[in-house]
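Here are the chains, one letter per residue:
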Amino acid sequence: MPRKTKGAAKPGGFVQTTVEIEGRTETRIVEIPAFEPAAWGTDAELGIVGARVPRMDAPERVSGRARYTTDIVRPGMLHAAIVRSTIPRGTIRSLDASRARAMPGVLDVLGPGDAPAGTRLFGREIFYAGQPIAAVCAATGHAARSAAHAIAVEYDTLPFAVTFEDATAKDAPKVRAKGNVMENAPLVISRGDMDAGLKAADVIVRREYRTPVQLHTALEPHGAVAEWEGDRLTVWESTQGIFRVRENVSKALGISLSKVRVIKDYMGGGFGAKNGAGPHTYVAALFAKRQGRAVRCINDREAEQTDSGNRPSSTQRVTIGAKKDGTLTAIFASIDVPLGISGWEGGPGQIYHELYACPNVRTEETFAYVNASGMAAFRGPGYVEGAFGLESAMNALAKELKLDPVAFRVKNFAKREPRTDRPYSGNSLLQCYKEGAEVFGWSTNDQRPMTNDRLRVGKGMAAQVWPTGGGPPAYALVRMNSDATVDVLAGTQDLGTGARTVLSQIAAESLGAKLSDVRAIIGDTQSLPYTGNSWGSMTTASVGPAVRMAAEDARRQLFEAAGAMFDAAPDALEARDSRIVVRDTDRTMTFAEVTAKLGNVMIIGKGSRGPNPADTAIMTFGAQFAEVEVDLDTGIVRVLRIVAAHDAGRIINPTLAESQLEGGIIQGLGYALFEERVLDRRLGLVMNPTIHDYKIPTMADIPLIDAFFVAGADPVANHTGARGIAEPPMIPAAPAIAAAVSDAIGADVTEIPLTPWRVLAAIAAKARR
Amino acid sequence: MRPFRYHRPASSADALTALGAPDSVAFGGGTDLLVTMKEGLAEPAHLVDVRHLRGARDITVRADGSARIGGAVRIADLAAHGVIRERFAALAEATSLVGTPALRNMSTIAGNLCQRPRCWYFRRGVPCLKNGGTGCAAVDGENQYHAILGGGPCHAVHPSDPAVVLTALEATIELLGPNEARRSVPIDSFFEGAGSNPLGETAIAHGEMIEAIELPARSAGGVQHYEKVMQRGAWDFALVSLAGIKRSDGEVRLVLGGVSPAPYRVNQSVEEDVASGALDDESADALAERALYDAAPLSKNGYKAVQAAALLRRAMLELSRA
Amino acid sequence: MRLTVNGRVHTLDSALPLSLLELLRDRLALTGTKFVCGRGECGACTVQLDGETVYSCLTLAEACDGATVLTVEGLAPGGGEPSLSPLQRAFIAKDAAQCGFCTPGQLMAAHTLLARNPHPTDDEIRSGMSGNLCRCGTYPKILAAVRAVADGEFAGSAGSAEAGSAEAGSVNAA
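If you're wondering where the values come from, they're calculated on a predicted model, not measured in any experiment. (Residues numbered from 1 in each chain as written. Chains lettered and ligands numbered in written order. Predicted model: local features only at pLDDT ≥ 70, side-chain atom pairs only at ≥ 80, totals over all residues. Heavy atoms only, no water.)

1. Overview of the pattern of salt bridges
Residue and element names in this part refer to chain A. Enumeration over the complete set of coordinates arrives at 86 salt bridges over all chains. Between Arg84 and Asp307 there is a salt bridge; the shortest N-O distance is 2.8 Å. Here Arg84 is found in strand S3 (residues 78–84), whereas its partner Asp307 is found in the loop between helix H8 (301–306) and strand S15 (314–322), with 223 residues between them in sequence. An identical accessibility class is assigned to Arg84 and Asp307; each is buried. One salt bridge in this structure joins Arg89 and Glu125, with 2.9 Å as the shortest N-O distance. Of this pair, Arg89 sits in the loop between S3 and strand S4 (90–96) while Glu125 sits in strand S6 (residues 125–126), and the two are 36 residues apart along the sequence. (Salt bridge = Lys/Arg side-chain N within 4 Å of Asp/Glu carboxyl O. Helix = DSSP H or I, 4+ residues; strand = E, 2+ residues; numbered from the N terminus. Buried < 20%, exposed > 50% of the residue type's maximum accessible area, 1.4 Å probe, protein only.)

If you want it as structure tokens, here you go:
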């Protein structure tokens, strides 16, 4: 099958390829691997890959031994705290640190003009409340925080705008130096002819949907510990991308890449917000240099909730039309997104083009800047917001058409990826509809017995698509020690996803080793080969093939060595459970016997990730079904049940993959019912930067969840057959829950989160009609 | 945070001496006090731990039905106490719905009554009435969690669940002050001025502490009901809550929480009508409307009136049938 | 001040930090217990204090004189995998830890819950664990782990036929 895009496909050569990350497409020049293992097809006989192996680092996680960045202690370590703006817009007239400097334990202060330009820190101009304006270094965290409070700042305030409407009004204040709206607005993506599509429709539904600003709320905040040895800097960072942090730090501080080492062992969640270095990283590094000691700088919770990224809000005005038989003829959405002070166009639009076969689709997205902290990628960025608009509109249209929402979707199933008109590497969305509906009991009309007539049960569903091909560059080494234990080396990260376990399984399977002999070593830029960020649900699909190739390479070398010992041809050998067998004989030797003889002559396998197949769409799909109960008197919604069926190709470890599904569903449940950053428009301040006022689900909010994968593997996508899964389950959860609420109350719901006030308002609006 | 001294007096006399010092406060579980200190909203110089005083953690039940709850009795102890569950079921129910299991283990009943409002303008240090300013920032702002009844000048609501039930039970707060002077304050007076007092929400004077809470015999038994509307399935303050009591002498008390700067007892004529006979859906609706006649929602909290009406209807029907 | 932590008696005299959490993490280097909110809102700092579940971030350190504390490091006295407690083994087998940052708090809340109520209903587990937030959404697995321990699935010593090693074994046999 084709594995190249442009240029010669000769092994060891370089070609241009495309990689889709977080819904964006990037063009890259990559190396063609020296060899590509034959793909594990759907019928491949695999023992360790596909098994429900317990998470290999779980013993550390359950014993308190796992060390997170916030647990790192270095000899003589100092502590830093960041001072943040309390106003949304203006300039610093004066910043007086004299009181702070005089406080016990305080060693150093950085303020306006004190940081290298590359860090973009501590400018005098204020663009949002929470912007870093100074930092304090002290002997203890308590002393640093107290001193940070003691810094007196005087501002000259300027008018500001924190909403899309305010920032795009005719006489809007200048949100930032450049325009308030992203250049070339609106961003238009279009296919077909919208007018013709609407004309062809028998039924048209028009709705305006709104989604809130959602905060990542990772329990471990952003943080770093920095330590210099001469001109070499080591940074421990809670990050999804150690190499990106290295690059950021190198650029910002003007030091070469080889002199920056970034380490990440365990991290307490990321969800998209921890993709690079941040102010805390630079503050720690700068103070560490000035003080000649290690410095720890960890965001406090308020900073974490106000200035470490967010999923931006959106307003989506959707017009969607279909023929009586359910054939979609037109999908149109005009979308407004206030990004915060910075961000990228990872908007709600794209999923409108990708989920259904509709000839006429058009989205117009306007991205505005507002005086609030900038957005960041957040699990399924754009698609999560877009799915709420698109899937809610699909459900509203199904109702108008008197069609079953599942049948309506099946009718509009896309056989080819409709935005780019490419074939799929694999697509079992129809199977997801079928199995999900069966498990849920979608077509039966059995209603749970109601406690009373004011408690109403409803059901709803929604679907999902998300690009999850992963791609190059990613490298791995597989190294056999003289006792036959195996080290898998890859500079990737385990966010809690299970990467360590999954990569170990792939290596053990490929090498024929016992899983218990294999250990994945990750998270250190100094000693490990490059892999990209753990974002875009792409670690397994990007790093997995590199690990597999490295393991195959190691096995080839092992067989060469064993062949000499057996006096057998290497290709007559097989390996399983760390034992080599000469095929069709009873001659065997354990790995340990071979490696013991080799001593410190090491077997080191090298692997890299080859390019994705040309002109092929690699996506993960799914359908979710929700059952809710709504108290018509109080507007309180409880989710009773979620069934989720997803297609992500081969599942390396079903247990860990199901955990990812449940996690995504639960974050989607929070998005549907509770989560909403509240920003006071007059003050420009976040009112709920605490974990209580910003409400995430508790155990008491969790429904019965039956989340599973439809069977299959995707050997076209890459030779492991696996696609990504981390983000997809979050995408359809909120629209499925909203559809169930709508079903329960008999009225449309168009804005999330579905707080009691919104649900009661929807009920009241229906009563008025 | 301002440095403070921690005291752990063994006797009431020592506690009162320590509480007499400037900027001295009684310390129970610390679950709110320590937070307000971290927020810079409280800067005490002395924390006087009153949990080890004699009787402070005792629940005394008397033959006549009345009970006395020491100020340092923990919320979890109240929720689990057999006689409280039997005689004052609404109080047991309300305490079982406070915060989380850990918070119920840590916090005391006195501390629960003295906790500060959760208004985010207050907690974020916005210069409102409670923070030394003049107006209420919530009136034209993000007021979805604020008061619909009896608000003003401050519109923060009182966050306590037990306070709502204790108001319905007509509890008395026993205060112990300088020179071991005792005074009994009916709970409604205890919270009087909660919406206008910039310094606190209670009648506690400097140097005083809550020694105990008295539950009168007349409030024991009967039909007791507490319902709390929470956004999440757990760990939320009440959007709206309702304590509904039909005493064994036939009298009815209805007190709303989450709607007002202090627990809000509905008009007594409504209580009398509930007490006087069986209600049907229609008359319950009318009574709920009367109970909420004074409701004056702000821009974003009209839903609370709907929830309050629903809770009233449910409780009134239940009590009138009892 | 005297404090017994995981069976060890500590005598502490110099100026104490504000909270028991800081005392555990910064003074005693027991970093298993995590700081997340510092406001009693998330449960990451949950420990057992005199037999009961508390949030150590809001437990005044000075008020703990004479107290007995159990932290996640004390659940497995040997510290190593063979001596992990049934609950810890259940968390591993049921995949009840994703990022693991809330896990020490979850374990301590569950440990104390089961000590006081060895046979809770699912609803009792849900409400008993509702003060411990998890952002990765491991709740269904945590519930399953606590349920399994309550049902005796992990009774007996480690190394016996527990789900973890049994499943690993089946992998190699597959």
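2. Here's the deal with the packing of aromatic side chains
All chains considered together, the criterion is met by 15 aromatic pairs over all chains. An angle of 80 degrees between the planes, with centres 4.9 Å apart, marks the rings of A:Tyr68 and C:Phe101 as edge-to-face. On the criterion of chain membership, the pair formed by A:Tyr68 in the loop between helix H1 (58–63) and S3 and C:Phe101 in the loop between helix H2 (86–93) and helix H3 (103–116) is interchain, its members lying in two chains. An angle of 85 degrees between the planes, with centres 5.7 Å apart, marks the rings of A:Tyr209 and A:Phe388 as edge-to-face. A residue pair is termed long-range when its members are at least 10 positions apart, and A:Tyr209 in strand S10 (residues 203–211) and A:Phe388 in helix H10 (residues 383–401) qualify at 179 residues. For A:Phe388, a relative accessible area of 0% puts it in the buried group. (Phe/Tyr/Trp six-rings, centres within 6.5 Å; stacked < 30°, edge-to-face > 60°.)

3. Observations regarding the interface of chain C and chain A
Taken together, the contact pairs 48 residues of chain C with 59 residues of chain A. When chain C packs against chain A, the two sides together hide about 4,300 Å² of surface, and 59% of this comes from carbon and sulfur. By the criterion of area lost to chain A, the three top residues of chain C are C:Gln98, C:Arg135 and C:Tyr139, representing 19% of everything that side buries. Here chain C and chain A share five salt bridges between them. Our count for the chain C to chain A interface comes out at 20 residue pairs in polar contact (both at pLDDT 80 or more). (Contact = heavy atoms within 4.5 Å. Buried area = accessible area lost by both parts, 1.4 Å probe. Polar contact = N/O pair within 3.5 Å; in protein donor to acceptor, adjacent residues only side chain to side chain.)

4. Topic: the interface of chain B and chain C
With 24 residues of chain B at the contact, the number on the chain C side is 21 residues. Roughly 1,900 Å² of surface becomes buried between chain B and chain C when both sides are summed, with 61% attributable to carbon and sulfur atoms. Counting the surface chain B buries against chain C, the share from its top three residues, B:Tyr6, B:Lys38 and B:Met106, is 25%. The interface formed by chain B and chain C holds two salt bridges in total. A salt bridge links B:Arg74 to C:Glu52; the nearest nitrogen and oxygen atoms lie 2.4 Å apart. At the junction of chain B with chain C, the criterion picks out six residue pairs in polar contact (both at pLDDT 80 or more). If you list the elements that add at least two residues to the side of chain B that touches chain C, you get helix H2 (33–38), strand S3 (46–49) and helix H6 (101–106) of chain B.

5. Things to note about the packing of H10(A) against helix H17 (residues 733–745) of chain A
All names here are of chain A. Put simply, H10 and H17 touch, their axes get as near as 8 Å, and they point 35 degrees apart. Viewed along their axes, H10 and H17 form a crossing whose handedness is right-handed. In this structure, H10 contributes Ala387, Phe388, Glu391, Ser392 and Asn395 to the contact, and H17 contributes Ala734, Pro735, Ala738 and Ala739. Of the residues in the contact of H10 with H17, the class split is six nonpolar, two polar and one charged. (Axes fitted to C-alpha atoms, helices over the stretch in contact; angles between N-to-C directions. Left-handed = near helix turned anticlockwise from the far one by under 90°. Nonpolar A, V, L, I, M, F, W, Y, C, P; charged D, E, K, R; others polar.)

6. Brief notes about the pairing of strand S17 (residues 361–368) of chain A
Within S17(A), six of the eight residues are buried, which leaves it mostly tucked inside the rest of the structure. For the crossover that starts at strand S16 (residues 328–338) of chain A, traverses helix H9 (residues 349–354) of chain A and ends in the parallel S17(A), the hand is right-handed. (Right-handed = clockwise from strand over helix to strand, strands pointing away.)

7. Some details on the sheet that holds strand S9 (residues 223–229) of chain B
Hydrogen bonds along the backbone pair up the strands of a sheet, which may run parallel or antiparallel. All names here are of chain B. Within the open sheet, the four strands sit side by side as S9-S10-S11-S12. Their pairing is antiparallel. The sheet is open, and its two edges are formed by S9 and strand S12 (264–265), each paired on a single side. Where S9 and strand S10 (residues 240–246) come together, seven bridges link them in antiparallel fashion. When the sheet's bridge partners are listed, Val223 is paired in S10 with Lys246. (Pairing = 2+ DSSP bridges.)

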